[in-house]
Amino acid sequence: GVDFKVDNGKYGFVIDYFNNDISGLVLDASPLYTVGVPRGSIYTNIGSMYNRGLEFTFNMETVKTENFTWNTSLNFTAIKNRVNELITANADIPSGNSVASVGRRLGEFKLLQWAGVDEQTGNPMWYSKDGVRKTYNPSVATAQRWTLDDGTVTTGITANDAVYTGKSGIPKFYGGLDNNFRYKNFDMGMSLVYTGGYYIYNSTRANLLTNNFLNNTTEILDRWTTPGQKTDVPRLFLTDNTANQASDRFLEKGDFLRARTISLGYTFGGNKLNNAGIRSLRLYGQVYNAFVITSYSGQDPEVNSNRNNSN
């Protein structure tokens with residue numbers, strides 16, 4: 001790394017490159033049933049990976065006068081993550097809807113490919129792993145439910161049709177921006193943080209679009225009802241919830257910009273405080289998480305109900 005300042009310290013730069021090789025990764029795995037712990041799990045070493053990247057920090061004395069100062073600090077980290085080796089003869093290790101896979105980012109999602117809703121029938125469609133589109137009709141006999149575009153009955157979409165999405169729950173970059181102002185005895189600070197280049201599987205959205213007698217979000221109002229209607233929500237079918245199976249339909253970008261803190265203060269001083277043995281007294285108010293800007297439709301891109309992966 002390198003750390004330097006220019007223009008009599010008005011501008012400061014810190015640039016670091018890191019290359020972190022990690023061995024002995026730990027993940028919970030299912031033991032053999034012969035050990036007598038069915039459905040249990042143990043933590044085990046699964047392999048190795050690396051994190052490589054660049055960290056950049058920029059500090060600037062933006063304005064400095066007798067009564068007013070403004071200081072700015074910006075930091076940015078770009079990171080590249082790859083799994084190098086897995087103990088399972090380099091076979092994928094699944095964790096929810098994501099996997100550890102050699103040569104890929106840790107936590108890459110492996111999912112079925114959603115193909116949308118048939119405009120004429122309202123039935124859901126997916127792509128096979130070979131890219132063939134198949135339509136599912138829950139209202140006919142089981143053996144005839146899966147068809148090709150020309151209506152030919154075909155084999156169904158299964159978990160074996162899941163593909164690597166190239167999208168991971170690990171961010172590609174993150175950082176923050178701090179601005180601090182002072183005018184005479186008043187001061188104000190704002191701290192912004194951002195994260196990007198990662199995805200979240202919105203399982204809450206999937207659950208709230210179910211065909212069962214459960215709570216739904218208003219998105220269910222966009223369900224297919226009329227031939228020719230363009231929508232991403234299939235027609236409802238009470239006794240079948242196949243349309244809501246795990247697929248990239250519910251995979252969303254998690255990028256966000258958040259106002260972590262905003263503060264406003266006033267510092268008191270003078271002889272009265274000195275006589276009381278107090279050098280200075282600052283009265284301030286602070287707001288945490290004032291706002292977040294994101295395209296993610298879930299409650300919060302930083303809140304996860306599953307501590308093990310990005311589902």
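Just so it is clear, the structure is predicted and the values come from calculations on it, not from any experiment. (Residues numbered from 1 in each chain as written. Predicted model: local features only at pLDDT ≥ 70, side-chain atom pairs only at ≥ 80, totals over all residues. Heavy atoms only, no water.)

Asker: What exactly am I supposed to notice about the overall build of the protein chain here?
Answerer: Helices and strands together make up the secondary structure of the protein chain, namely two helices and 19 strands. Since a compact globule built from 311 residues should have a radius of gyration of about 19 Å, the 27 Å found for the protein chain marks it as more spread out than a globular shape. With the C-alpha coordinates aligned to their principal axes, the bounding extent of the protein chain is approximately 90 × 50 × 40 Å. Contacts spanning at least 24 positions in sequence make up 61% of the contacts within the protein chain whose residues lie at least 6 apart. A total accessible area of about 18,600 Å² is found for the protein chain, and carbon and sulfur atoms account for 53% of it. (Helix = DSSP H or I, 4+ residues; strand = E, 2+ residues; numbered from the N terminus. Rg over C-alpha atoms; globule rule 2.2 N^0.38 Å. Contact = heavy atoms within 4.5 Å. Areas by Shrake-Rupley, 256 points an atom, 1.4 Å probe, with all protein chains shown as cover.)

Asker: Teacher, can you tell me more about empty space enclosed by the protein here?
Answerer: Leftover empty space is mapped by rolling, across the atoms, a probe with the size of a water molecule. If you walk through the whole model with that rule in mind, you get two cavities of 30 Å³ or more. Forming the boundary of the largest cavity are Asn 123, Pro 124, Tyr 136, Pro 138, Asn 211, Pro 234, Arg 235, Phe 237, Asp 240, Thr 242 and Ala 243. For the lining of the largest cavity, the residue count by class is six nonpolar, three polar and two charged. In this structure, the second largest cavity encloses a volume near 50 Å³. Lining the second largest cavity are Leu 209, Asn 211, Ile 220, Val 233, Pro 234, Arg 235, Leu 236, Ala 243, Asn 244 and Arg 249. The residue inventory of the lining of the second largest cavity, partitioned by class, reads six nonpolar, two polar and two charged. (1 Å grid on protein atoms, 1.4 Å probe; cavity = no way out; pocket = protein on both sides within 12 Å on 5 of 7 lines; lining within 4 Å. Points joined across faces, edges and corners; volume = space filled by probe spheres on them. Nonpolar A, V, L, I, M, F, W, Y, C, P; charged D, E, K, R; others polar.)

Asker: In this structure, what is going on with the sheet that holds strand β11 (residues 146-147)? I would like to understand it.
Answerer: Whether parallel or antiparallel, the strands of a sheet pair through hydrogen bonds between backbone atoms. Taken together, four strands build an open sheet; the order of strands is β8-β9-β10-β11 and the sheet is antiparallel. A strand with exactly one partner marks an edge of an open sheet, and here the two such strands are β8 (113-117) and β11. Relative to strand β10 (residues 133-136), strand β9 (residues 124-127) runs antiparallel, the two being bridged by three bridges. By the bridge assignment for β10, Tyr 127 is matched with Arg 133. (Pairing = 2+ DSSP bridges.)

Asker: I tried to follow the nonpolar core on my own but got confused; where do I start?
Answerer: A general trend in soluble globular proteins is that nonpolar side chains are found buried together. By size, the foremost hydrophobic cluster in this structure holds ten residues: Phe 109, Leu 111, Tyr 199, Tyr 201, Ala 206, Leu 209, Ile 220, Val 233, Phe 250 and Leu 251. Residues contacting Leu 111, with those up to four places away along its chain left out, are Asn 97, Ala 162, Val 163, Thr 165, Tyr 201, Ala 246, Ser 247, Asp 248 and Leu 251. Within the second largest apolar cluster, nine residues are counted, among which are Val 117, Tyr 136, Ile 157 and Trp 224. (Core = buried A, V, L, I, M, F, W, Y, C linked by side-chain atoms within 4.5 Å. Buried < 20%, exposed > 50% of the residue type's maximum accessible area, 1.4 Å probe, protein only.)

Asker: Explain unusual backbone geometry to me, please; I cannot follow it from the model alone.
Answerer: Peptide bonds are trans in most cases, and residues, glycine excluded, mostly fall at negative phi. Even without a glycine there, the phi angle at Asp 7 is positive, about 55°. Position of Asp 7 relative to the elements: it lies in the loop between β1 (2-6) and β2 (11-29). In this model, Asn 90 sits at a positive phi of 65°, which is unusual for a non-glycine residue. Note that Asn 90 resides in the loop between β4 (68-86) and β5 (93-95). Take Asn 90: its relative accessible area is 40%, and that puts it in the partly exposed class.

Asker: Would you mind going over the sheet that holds β5 with me for this structure?
Answerer: Strand order across the open sheet formed by four strands is β5-β6-β7-β12, with antiparallel pairing between neighbours. The outermost strands of the open sheet, each flanked by one partner alone, are β5 and β12 (163-168). Across the sheet, the axes of successive neighbouring strands diverge by a mean angle of 40°, strand direction being ignored. (Axes fitted to C-alpha atoms, helices over the stretch in contact; angles between N-to-C directions.)

Asker: What exactly am I supposed to notice about the packing of aromatic side chains here?
Answerer: To describe a pair of aromatic rings, you give the distance between the ring centres and the angle between the ring planes. As enumerated under the stated definition, the model contains 13 aromatic pairs in all. A centroid spacing of 6.4 Å and a plane angle of 45° characterise the contact between Phe 173 and Tyr 194, whose relative ring orientation is tilted. Placement of Phe 173 in strand β13 (residues 173-183) and of Tyr 194 in strand β14 (residues 186-196) is noted, with a sequence separation of 21 residues between them. Under the relative-accessibility criterion, Tyr 194 is labelled buried at 18%. (Phe/Tyr/Trp six-rings, centres within 6.5 Å; stacked < 30°, edge-to-face > 60°.)

Asker: Would you explain the pattern of salt bridges in this entry?
Answerer: For side chains of opposite charge, pairing can occur when their charged atoms come near one another. The final tally for this structure, using the stated rule, is eleven salt bridges. Asp 255 is the salt-bridge partner of Lys 253, the closest N and O atoms lying 3.8 Å from each other. Look at Lys 253 and you get partly exposed, because its relative accessible area is 41%. (Salt bridge = Lys/Arg side-chain N within 4 Å of Asp/Glu carboxyl O.)

Asker: Please explain the pairing of β14 as it appears in this structure.
Answerer: Walk down a regular strand and you will see the side chains alternate between the two sheet faces. Of all eleven residues in β14, eight are buried; the element is thus mostly enclosed. As judged from the eleven bridges shared by β13 and β14, these two strands associate in the antiparallel manner. Bridging across to β14, Phe 181 finds its partner in Met 188.

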